[in-house]
Number of protein chains: 2
Amino acid sequence: MKIAATVEEIRSAVKAWKKEGLSVGFVPTMGYLHEGHQSLMQKAVSENDRVVVSIFVNPMQFGPSEDLESYPRDLEKDATLCEASGVDLIFHPEPKEMYHPDFSSFVDMHSLTDSLCGKSRPAHFRGVCTVVTKLFNIVQPDRAYFGQKDAQQLAVIQQMVRDLNMDVTVIGCPIIREADGLAKSSRNSYLSADERKAALVLSRALEVAKQLLANGERDAAKIRNTVSETIQAESMAKIDYVELVDARTLQQVDSVERPVLVALAVYIGKTRLIDNFITE
Amino acid sequence: MKIAATVEEIRSAVKAWKKEGLSVGFVPTMGYLHEGHQSLMQKAVSENDRVVVSIFVNPMQFGPSEDLESYPRDLEKDATLCEASGVDLIFHPEPKEMYHPDFSSFVDMHSLTDSLCGKSRPAHFRGVCTVVTKLFNIVQPDRAYFGQKDAQQLAVIQQMVRDLNMDVTVIGCPIIREADGLAKSSRNSYLSADERKAALVLSRALEVAKQLLANGERDAAKIRNTVSETIQAESMAKIDYVELVDARTLQQVDSVERPVLVALAVYIGKTRLIDNFITE
């Protein structure tokens, strides 16, 4: 396994593979890899001849008051995990390799990005679309793997790929959880022991929603209220949003009929965590 | 030569060529082809194994009061010219093939697009960047050819390709003129006989600027004023802009030192024409 820091190295490695007729899988990450990323890498390895993982904490998708500087980083541990998963090449660029001084282009969309995480993180998805476009153009993968935990990100990228005719198959992969239910996230490393316990309220609240749905409840407002009450009962938790939206358009629904994304974002202390599920 | 209306047809043709190791040149156009386009096609044919020309009047780059509906179209004549030039494949999609009903993504940039044509055509370059991104993703060319007549468009596309790591070489080609100096343009077909004569004021005004520069004039304001006076002397002409800008940043200059783009847009009757040159 090789670690490359430049666009040029990635391009030449991928071009050599393509010349041999090999397929290329791609897992874009911000590093500090956990079992969620591992599941993406393993799926990529199983479905492609060669796999590239990018590890890049993308400044463009962080707001001015967000955790860009403190975002956890551990390249050595990441590289070990990538190698163990069968990854062939890591792309680990410096920010200046990705954004030259007079960089000024961006990719964005009118739909999907205003609700949910886009509401509290206004330029976030512009940053995501732009860096993913760049990474796709650099790696030119046949298939790219994204976690369902970032449900809105996955929906946005699928829309972008469709709209802009990007020649890549986007594959969403299930959320991976700790044994007690907490969705795996690099940001879990911010949590103190007490916060770690409190953070269970996210998955617990989603279980409450699942139970209501299993019992035949279809009223989105009622489900939202019960979920919110569950979260509010945890004193360390502060709701950013609890939403039931159409799984494709991300527009709020009144009633749960078609597939609905039940999504929430909750601050546990200063750490913002997200979790979700899609109804059958 | 084949004419394809679907993304799928283009993709499969290009993939077959790439499998054979053939290089692909691309000339994106809005059709109603003239000798300017022909020079792009001929250069593309001379530098690539296969050449694709797109003919698509892109609704997204027209403003609400612009000439989308009346823009001249003649596919039959275009196809004859393409075939004579050695083009292998024409991509001629319907608007609905390019923009499905829930289309919502776009590509744009913060720099380069506010000045010159961007001032009087506010969403124009967003439309250009978006459609060119789509076309590049569909055709996946090694080289793409654009005319220097649309100088700002060429600068914008070069910036976009650099910023977004698009794997294509953008090649700018010189302006082609009628014998009397008028820059070739599909929009010249709008001109009445009298307007056609009046339209010569564009190239004449640029010649005045060249003469001033040859005589050692370096003051951008003086050159701009003399060019404007030349245009104003033609009663059928109405200036949209006369600008001297840095050829790379498109920022106004006070003095002509580095390469400067001398660019103008002028209404002749209802027809908006552009022309330019870059100082040595």
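Because the structure is a prediction, the values reported are computed rather than measured. (Residues numbered from 1 in each chain as written. Chains lettered and ligands numbered in written order. Predicted model: local features only at pLDDT ≥ 70, side-chain atom pairs only at ≥ 80, totals over all residues. Heavy atoms only, no water.)

K.L.:
Help me out: how do you make sense of the overall build of chain A in this one?
P.N.:
In terms of regular secondary structure, chain A is built from 10 helices and 10 strands. Against the compact-globule benchmark of 19 Å for 280 residues, chain A has a radius of gyration of 19 Å, which places it among compact chains. Here the C-alpha coordinates of chain A stretch approximately 55 × 40 × 40 Å along the principal axes. Expressed as a percentage of the 280 residues in chain A, the buried residues total 56%. Relative to all contacts within chain A whose residues are 6 or more apart in sequence, the contacts with residues 24 or more apart total 72%. Taken as a whole, chain A presents about 12200 Å² of accessible surface, with 49% of it coming from carbon and sulfur. Seen as two clouds, the 32 positive and the 39 negative side-chain charges of chain A have centres 1 Å apart. (Helix = DSSP H or I, 4+ residues; strand = E, 2+ residues; numbered from the N terminus. Rg over C-alpha atoms; globule rule 2.2 N^0.38 Å. Buried < 20%, exposed > 50% of the residue type's maximum accessible area, 1.4 Å probe, protein only. Contact = heavy atoms within 4.5 Å. Areas by Shrake-Rupley, 256 points an atom, 1.4 Å probe, with all protein chains shown as cover. Lys, Arg positive; Asp, Glu negative; His and termini not counted. Charge placed at Lys NZ, Arg CZ, Asp CG, Glu CD.)

K.L.:
What should I look at first to understand the packing of helix α6 (residues 124-139) of chain B against helix α7 (residues 151-163) of chain B in this one?
P.N.:
Two packed helices can be described by the angle between their axes and the distance between those axes. All names here are of chain B. Two elements in contact, α6 and α7, have axes separated by 11 Å at closest approach and are oriented at 55 degrees. Viewed along their axes, α6 and α7 adopt a mutual orientation that is oblique. Helix-helix and strand crossings are classified by hand; for α6 and α7 the assignment is right-handed. Facing α6, whose interface residues are Phe 125, Val 128, Cys 129, Val 132, Thr 133 and Phe 136, α7 presents Gln 152, Gln 153, Val 156, Ile 157, Met 160 and Val 161. Considering only residue class, the contact of α6 with α7 consists of nine nonpolar, three polar and no charged. (Axes fitted to C-alpha atoms, helices over the stretch in contact; angles between N-to-C directions. Parallel < 35°, antiparallel > 145°, perpendicular 65-115°, else oblique. Left-handed = near helix turned anticlockwise from the far one by under 90°. Nonpolar A, V, L, I, M, F, W, Y, C, P; charged D, E, K, R; others polar.)

K.L.:
Just checking my understanding: could you explain the relation of the copies chain A and chain B for this structure?
P.N.:
Each of the two chain copies goes to the other by way of a rotation about an axis and a shift along it. Each copy of the sequence occupies a distinct position, and chain A is placed on chain B by a rotation of 180 degrees and an axial shift of 0.0 Å, giving an RMSD of 0.0 Å. Both copies of the chain, as the preceding transformation shows, are related through a two-fold rotation axis. Judged by C-alpha distance, Val 107 of chain A is the residue of chain A that lies nearest the rotation axis, at 2.3 Å. A shared binding surface is used by both copies, with 100% of the interface residues of chain A retained as interface residues in chain B. (Least-squares fit on C-alpha atoms with pLDDT ≥ 70 in both.)

K.L.:
Can you walk me through the pattern of salt bridges in this structure?
P.N.:
A side chain of one charge can pair with a side chain of the opposite charge when the charged atoms of the two come close. Overall, the coordinates contain 32 salt bridges over all chains when judged by the stated rule. For the salt bridge of Arg 258 of chain A with Asp 246 of chain A, the shortest nitrogen-to-oxygen distance reads 3.1 Å. Remark: Asp 246 of chain A occurs in strand β8 (residues 237-246) and Arg 258 of chain A occurs in the loop between β8 and β9 (260-268); sequence separation between them is 12 residues. Arg 258 of chain A gets classed as exposed once you look at its relative accessible area, which sits at 52%. Note on Asp 246 of chain A: relative accessible area 8%, which makes it buried. Ionic pairing is found between Arg 121 of chain B and Glu 66 of chain B, a salt bridge with its closest N-O pair at 2.6 Å. Here Arg 121 of chain B is found in the loop between α5 (116-120) and α6, whereas its partner Glu 66 of chain B is found in the loop between β3 (50-55) and α3 (75-85), with 55 residues between them in sequence. Exposure remark for Arg 121 of chain B: the relative accessible area of 10% places this residue in the buried category. With relative accessibility at 26%, the residue Glu 66 of chain B sits in the partly exposed group. (Salt bridge = Lys/Arg side-chain N within 4 Å of Asp/Glu carboxyl O.)

K.L.:
Please explain the UniProt feature "active site" (unreviewed entry) in chain A as it appears in this structure.
P.N.:
Residues and elements named next belong to chain A. Per the UniProt annotation, the sites labelled "active site" (unreviewed entry) are His 37. With respect to the helices, strands and loops of the structure, His 37 is situated in helix α2 (residues 35-47). Here His 37 falls in the buried class, since its relative accessible area comes to 13%. Excluding its chain neighbours within four sequence positions, the residues that come into contact with His 37 are Thr 29, Gly 31, Tyr 32 and Ser 186. (UniProt positions renumbered as here; feature names shortened; annotations may be inferred.)

K.L.:
I would appreciate a short explanation of helix α2 (residues 35-47) of chain B in the present structure.
P.N.:
All names here are of chain B. The first and last C-alpha atoms of α2 sit 18 Å apart over 13 residues, in line with the 18 Å expected at 1.5 Å per residue. Taken as a whole, α2 has its buried residues at Gly 36, His 37, Leu 40, Met 41 and Ala 44. Around the axis of α2, the buried residues are gathered within 135 degrees of arc, so they sit on the same side. (Expected span 1.5 Å × (residues − 1). Arc of directions from axis to C-beta.)

K.L.:
What is the right way to read unusual backbone geometry from this model?
P.N.:
Note: most peptide bonds trans; most residues except glycine with negative phi. The backbone phi angle of Asn 165 of chain A is positive, close to 55 degrees, even though this residue is not glycine. Its location among the elements puts Asn 165 of chain A in the loop between α7 (151-163) and β7 (169-173). A positive phi angle is found at Tyr 32 of chain B, which is not glycine, with a value near 50 degrees. The topology assignment puts Tyr 32 of chain B in the loop between β2 (24-29) and α2.

K.L.:
Help me out: how do you make sense of the UniProt feature "binding site: (R)-pantoate" (unreviewed entry) in chain A in this one?
P.N.:
Residue and element names in this part refer to chain A. Per the UniProt annotation, the sites labelled "binding site: (R)-pantoate" (unreviewed entry) are Gln 61 and Gln 153. The greatest C-alpha distance among the annotated residues, which extend across 93 residues, is 11.3 Å, indicating that they converge on a single site. Note on placement: Gln 61 falls in the loop between β3 (50-55) and α3 (75-85). When near neighbours in sequence (up to four residues on either side) are disregarded, Gln 61 contacts Met 30, Glu 66, Arg 121, His 124, Gly 127, Val 128 and Val 131. With respect to the helices and strands, Gln 153 occurs in helix α7. Relative accessible area serves as the criterion here: at 17%, Gln 153 is assigned to the buried category. Excluding residues within four positions of it along the chain, Gln 153 makes contact with Phe 125, Val 128 and Phe 146.

K.L.:
Looking at this structure, I do not really get the confidence of the model for chain A. What am I missing?
P.N.:
Any residue range with low pLDDT should be treated as having predicted coordinates unsuitable for detailed reading. The predicted model of chain A averages 97 in pLDDT, with 100% of residues at 70 or higher. Predicted complex, confidence summary: ipTM 0.96, pTM 0.96. (pLDDT = per-residue confidence, 0-100.)

K.L.:
So what exactly am I meant to see when it comes to the nonpolar core here?
P.N.:
Among the nonpolar cores identified, the biggest contains 99 residues, and Phe 136 of chain A together with Phe 136 of chain B are the most heavily contacted of them. Residues within four places of Phe 136 of chain B in sequence aside, it is in contact with Phe 26, Pro 141, Ala 144, Phe 146, Val 161, Met 166 and Val 168 of chain B. (Core = buried A, V, L, I, M, F, W, Y, C linked by side-chain atoms within 4.5 Å.)

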